[in-house]
Amino acid sequence: MTAPSRESAAPVRPAPRHPLAGGVATMLGSALSNQVGAALGAHAFGAIGPPGVVAVRQVVAAAVLLPVARPPLRRMTWAQWWPVLLLAAVFGCMNLALYTAIERIGLGLAVTLEFLGPLAVALAGSRSRWDLLIACGAAGGVYVLIMPGPASDHLGVGLGLAAAACWAAYILLNRVAGRRLPGLQAPALGTALCALAFLPVLVPMAVDGALTGAALGYAVAAGVLSSVVPYAADLTALRVVPPRFFGVFMSVHPVLAALVGIALLGQGLRDHEWAGIALIVLSNAAAVSVTRPRSAVEDLPHRPPAVVGDAPPPSRSLPGDDEGR
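Reading the values: the criteria
Residues numbered from 1 in each chain as written. Predicted model: local features only at pLDDT ≥ 70, side-chain atom pairs only at ≥ 80, totals over all residues. Heavy atoms only, no water. Patch = residues over 30% accessible without salt bridge, like charges linked within 9 Å, V, L, I, M, F, W, Y side chains within 5 Å. Areas by Shrake-Rupley, 256 points an atom, 1.4 Å probe, with all protein chains shown as cover. Salt bridge = Lys/Arg side-chain N within 4 Å of Asp/Glu carboxyl O. Helix = DSSP H or I, 4+ residues; strand = E, 2+ residues; numbered from the N terminus. Contact = heavy atoms within 4.5 Å. Expected span 1.5 Å × (residues − 1). Buried < 20%, exposed > 50% of the residue type's maximum accessible area, 1.4 Å probe, protein only. Lys, Arg positive; Asp, Glu negative; His and termini not counted. Polar contact = N/O pair within 3.5 Å; in protein donor to acceptor, adjacent residues only side chain to side chain.

1. Side note on a nonpolar patch on the surface
Side chains of Val 59, Leu 196, Leu 199, Val 203 and Val 207 sit close together on the surface and give an oily, nonpolar patch of about 430 Å² of accessible area. Looking at the nonpolar patch element by element, the count peaks at three residues for helix 10 (residues 199-208). Residue position: Val 203 is located in helix 10.

2. Observations concerning the environment of Val 24
Positionally, Val 24 belongs in helix 2 (residues 19-42). Every residue in contact with Val 24, bar those within four places of it in the chain, is listed here: Val 241, Phe 245 and Phe 249.

3. With respect to helix 4 (residues 78-105)
End to end, helix 4 covers 40 Å across 28 residues, agreeing with the expected 40 Å (1.5 Å per residue, within 8%). Where helix 4 terminates, the next one or two residues include Gly 106, which has phi positive at roughly 100°.

4. Things to note about the side chain of Glu 273
Counting through the fold element by element, Glu 273 comes out in helix 14 (residues 271-290). Buried charge without a salt bridge: Glu 273, with Arg 270 as the nearest opposite-charge side chain at an N-O distance of 5.2 Å. Looking at Glu 273, its side chain comes within polar contact range of the main-chain nitrogen of Arg 270, at 2.8 Å. Apart from the residues lying within four places of it in its own chain, the contact partners of Glu 273 are Leu 109, Val 144, Leu 145 and Gly 268.

Here you go:
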């Protein structure tokens, strides 16, 4: 009698019955991890401030991305370097603006305002009445969210909008960089350069003793929960979730940011702020659902490395990168 071969004896693993449900659960976990990480980072503001938290997070993100991407530094041309340098500048400005906004106006409002960046990119260049209506809805949401008045923190709102502008710039720069450097090389190198630029912030803090165990622990936890975990989770989710659905689901971030801000930071929101968040979230979801970008996925919202809610752009999975993100 002939013995069965290894191939015939090997058990056949059944395919998962509900891959989309698993992908949604993974994305929800990723989004929650993003916002919990941001809230933990805010706990270190008293000791090292937003610049210190951003510096530590950039170092954590670079430590994760560089070994994965391994950019060819010695073979890079100026045409490859200049978008990377601009990405590094955008990372630094975006993180600093966003974390300072979180300190001044709270996590929920800051993250919601930041979401106007990808929304603007999704609507840019469109002349349809529907997209104009979406833009008006987003503008109305911003007004309802902040209700301008004498007591408004105009600087905090301005910083949130600056973070949005930086996020939009990241999406546009990432298209250029994605054509010239494959995969994660451009964002990984940009993150590393940004981390180097923040070293003058970290060194004096370390010398003065400001980097206490608690402050450093909060900042590192922010980097892990808002960079490492979402990076792995979003890569996993996008194996089973359509990119456009992923883009729509990203709209859950402002809502989760508001809820986490209440739970972990005690940052309650007023009725008009909830209404403004709802209008902006609906506008973002509508824009992703109905707008047809130039490539299949390039204009969908996504998170750059070391940003609140940030999943670093993998080479062939996440929306936004010309390599297929």
